Amino acid sequence: IEQRAAAAAAPSREYLLFTGFPFPLGPFTERRTVETELVKDRVYSFEQEIRLSGISANIRSTVFRMRDNHLLVYNPVAPTQEFLQQLEALHSDGVSHILLGATPYEHKVFVPSFSRHFPAAK
């Protein structure tokens, strides 16, 4: 019963990604986000799994806390409720910059949906 209650209280990992041919990147309905603090109170990494043709790898978003306490998100991952809540838990003044630092498809596919959550970000 406790596990069911914890699962119900956990933020959603749901994210529908139907990119189709030639890049059917899985998982298609749910993405777990793993947070790691790289530099105390300054730099964080958020990783999600991607799958393509039986190959599994992780993609990473790096988040920097700037001097004004805003966040710069470098190569955002899928904006699941879980990832967005993890960002909010950093107690910043919000996301002010979104940077696409790599052009491979697996990095840029999430930028449009992520940026819609932060319309004021540059």
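Just so you know, these numbers come straight off a predicted model, no measurement behind them.

Enquirer: It is not clear to me how the pattern of salt bridges should be interpreted in this structure. Could you clarify?
Expert: When the charged atoms of two side chains with opposite charge come close together, those side chains can pair. Here the structure, examined in full by the defined rule, presents three salt bridges. The closest approach of N and O atoms between Lys 40 and Asp 41, which form a salt bridge, is 3.9 Å. Taking the relative accessible area as the measure of exposure, Asp 41 reaches 40% and is therefore partly exposed. The salt bridge partner of Arg 51 is Glu 49, with a shortest N-O separation of 3.2 Å. Taking relative accessible area as the criterion, Glu 49 reaches 29% and is therefore assigned partly exposed.

Enquirer: Would you mind showing me how to read the sheet that holds strand 5 (residues 95-99) here?
Expert: Hydrogen bonding along the main chain pairs the strands of a sheet, whether they run parallel or antiparallel. Here five strands make up an open sheet; going across it, the order is 1-2-3-4-5 and the pairing mixed. Unpaired on one side and paired on the other, strand 1 (34-39) and strand 5 mark the two borders of the sheet. If you compare each strand with its neighbour and ignore which way they point, the axes differ by 25° on average. Across five bridges, strand 1 lies against strand 2 (residues 43-52) in antiparallel orientation. Residue Val 34 lies in a different strand from strand 2, and its bridge partner there is Glu 47. In this fold helix 2 (residues 81-88) packs onto strand 1, strand 2, strand 3 (55-65) and strand 4 (71-74), with an angle of close to 170° to the strand it touches most, strand 2.

Enquirer: How should the environment of Thr 80 be read in this particular structure?
Expert: Take Thr 80: it is sitting in the loop between strand 4 and helix 2. Separated by 3.1 Å, the side chain of Thr 80 and the backbone nitrogen of Phe 83 make a polar contact.

Enquirer: Explain unusual backbone geometry to me, please; I cannot follow it from the model alone.
Expert: What is expected of a backbone is that most residues other than glycine have negative phi and most peptide bonds are trans. Look at Asn 69: it is not a glycine, yet its phi comes out positive at around 75°. Note that Asn 69 resides in the loop between strand 3 and strand 4. With relative accessibility at 23%, the residue Asn 69 sits in the partly exposed group. Notably, His 91 is not glycine yet its phi reads approximately 55°, a positive angle.

About the criteria used
Residues numbered from 1 in each chain as written. Predicted model: local features only at pLDDT ≥ 70, side-chain atom pairs only at ≥ 80, totals over all residues. Heavy atoms only, no water. Salt bridge = Lys/Arg side-chain N within 4 Å of Asp/Glu carboxyl O. Buried < 20%, exposed > 50% of the residue type's maximum accessible area, 1.4 Å probe, protein only. Pairing = 2+ DSSP bridges. Helix = DSSP H or I, 4+ residues; strand = E, 2+ residues; numbered from the N terminus. Axes fitted to C-alpha atoms, helices over the stretch in contact; angles between N-to-C directions. Contact = heavy atoms within 4.5 Å. Polar contact = N/O pair within 3.5 Å; in protein donor to acceptor, adjacent residues only side chain to side chain.

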